[in-house]
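Listed below, chain by chain, are the residues.
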Amino acid sequence: MKPRDLFGVAVRVIGLISTLLGLYYFVAGLWVVIHLPHGSAASMLFFPGILFIGVGFFLMLGAGVVVKFLYPKDDE
């Protein structure tokens, strides 16, 4: 494997970790809303969760864009 391929795998793994962390925050926010209806901590969990999920999906699905940006002149 070339370094370009390994970097693509690393970007996808970071995207997966980000997505899983975002899902954890989102579910934790739902738990706070269900058990503490007047808790303001839910927004502190929902918004980062949505952000992490979005970044994670971008990194998993758009890893080719990131790799091409960082390895622009790699002839295949």
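Computed from a prediction, not measured in an experiment: that's the story for all the values here.

Visitor: For this particular structure, what's the right way to read a nonpolar patch on the surface?
Guide: A cluster of nonpolar residues, Met1, Leu6, Val9, Val13 and Ile17, forms a patch on the protein surface that exposes about 520 Å² of accessible area. Secondary-structure assignment places Ile17 in helix 1 (residues 3–35).

Visitor: Explanation requested: the packing of aromatic side chains in the structure shown.
Guide: Each aromatic ring pair is described using two quantities: the centre-to-centre distance and the angle formed by the ring planes. Applying the stated rule across the entire model yields four aromatic pairs. An angle of 65 degrees between the planes, with centres 6.0 Å apart, marks the rings of Phe7 and Tyr71 as edge-to-face. Residue Phe7 is found in helix 1, and its partner Tyr71 is found in the segment after helix 3 (63–70); the two are separated by 64 residues along the sequence. Every member of this aromatic cluster is reached through a ring pair, and the members are Tyr24, Tyr25 and Phe52.

Visitor: Hey, could you run me through the side chain of Ser18 in this one?
Guide: Position of Ser18 relative to the elements: it lies in helix 1. Residue contacts for Ser18: discarding those within four places in its chain leaves Phe52, Ile53, Val55 and Gly56.

Visitor: How should I be thinking about the environment of Val32 in this particular structure?
Guide: Structurally, Val32 can be placed in helix 1. In this structure, the C-alpha to C-alpha distance between Val32 and Met44, residues 12 residues apart in sequence, is 10 Å.

Visitor: What exactly am I supposed to notice about the environment of Ser18 here?
Guide: The class for Ser18 is buried, based on a relative accessible area of 10%. A sequence separation of 48 residues divides Ser18 from Val66, and the C-alpha atoms of the two residues are 16 Å apart.

Visitor: It is not clear to me how the packing of helix 1 against helix 2 (residues 41–61) should be interpreted in this structure. Could you clarify?
Guide: Relative to each other, helix 1 and helix 2 sit at 155 degrees, their axes nearing to 7 Å. When the interaxial angle is binned, helix 1 and helix 2 end up roughly antiparallel. Here helix 1 runs over helix 2; the crossing is left-handed. A per-class count over the contact of helix 1 with helix 2 returns 23 nonpolar, seven polar and one charged.

Visitor: I keep staring at helix 2 and nothing clicks. Help me out?
Guide: Given 3.6 residues per helical turn, the α-helix brings residues three or four places apart onto the same face. Taking 1.5 Å of rise per residue, the 21 residues of helix 2 would be expected to cover 30 Å, and the 31 Å separating its terminal C-alpha atoms lies within 8% of that figure. Here helix 2 has its buried residues at Ala42, Phe46, Gly49, Ile53, Gly56 and Leu59. Buried residues of helix 2 fall within an arc of 170 degrees about the axis and therefore sit on the same side. Of the exposed residues in helix 2, those oriented more than 90 degrees away from the buried face are Met44, Phe47 and Leu51. Looking at the buried residues of helix 2, the elements they touch are helix 1 and helix 3.

What counts as what
- Residues numbered from 1 in each chain as written.
- Predicted model: local features only at pLDDT ≥ 70, side-chain atom pairs only at ≥ 80, totals over all residues.
- Heavy atoms only, no water.
- Patch = residues over 30% accessible without salt bridge, like charges linked within 9 Å, V, L, I, M, F, W, Y side chains within 5 Å.
- Areas by Shrake-Rupley, 256 points an atom, 1.4 Å probe, with all protein chains shown as cover.
- Salt bridge = Lys/Arg side-chain N within 4 Å of Asp/Glu carboxyl O.
- Helix = DSSP H or I, 4+ residues; strand = E, 2+ residues; numbered from the N terminus.
- Phe/Tyr/Trp six-rings, centres within 6.5 Å; stacked < 30°, edge-to-face > 60°.
- Contact = heavy atoms within 4.5 Å.
- Buried < 20%, exposed > 50% of the residue type's maximum accessible area, 1.4 Å probe, protein only.
- Axes fitted to C-alpha atoms, helices over the stretch in contact; angles between N-to-C directions.
- Parallel < 35°, antiparallel > 145°, perpendicular 65-115°, else oblique.
- Left-handed = near helix turned anticlockwise from the far one by under 90°.
- Nonpolar A, V, L, I, M, F, W, Y, C, P; charged D, E, K, R; others polar.
- Expected span 1.5 Å × (residues − 1).
- Arc of directions from axis to C-beta.

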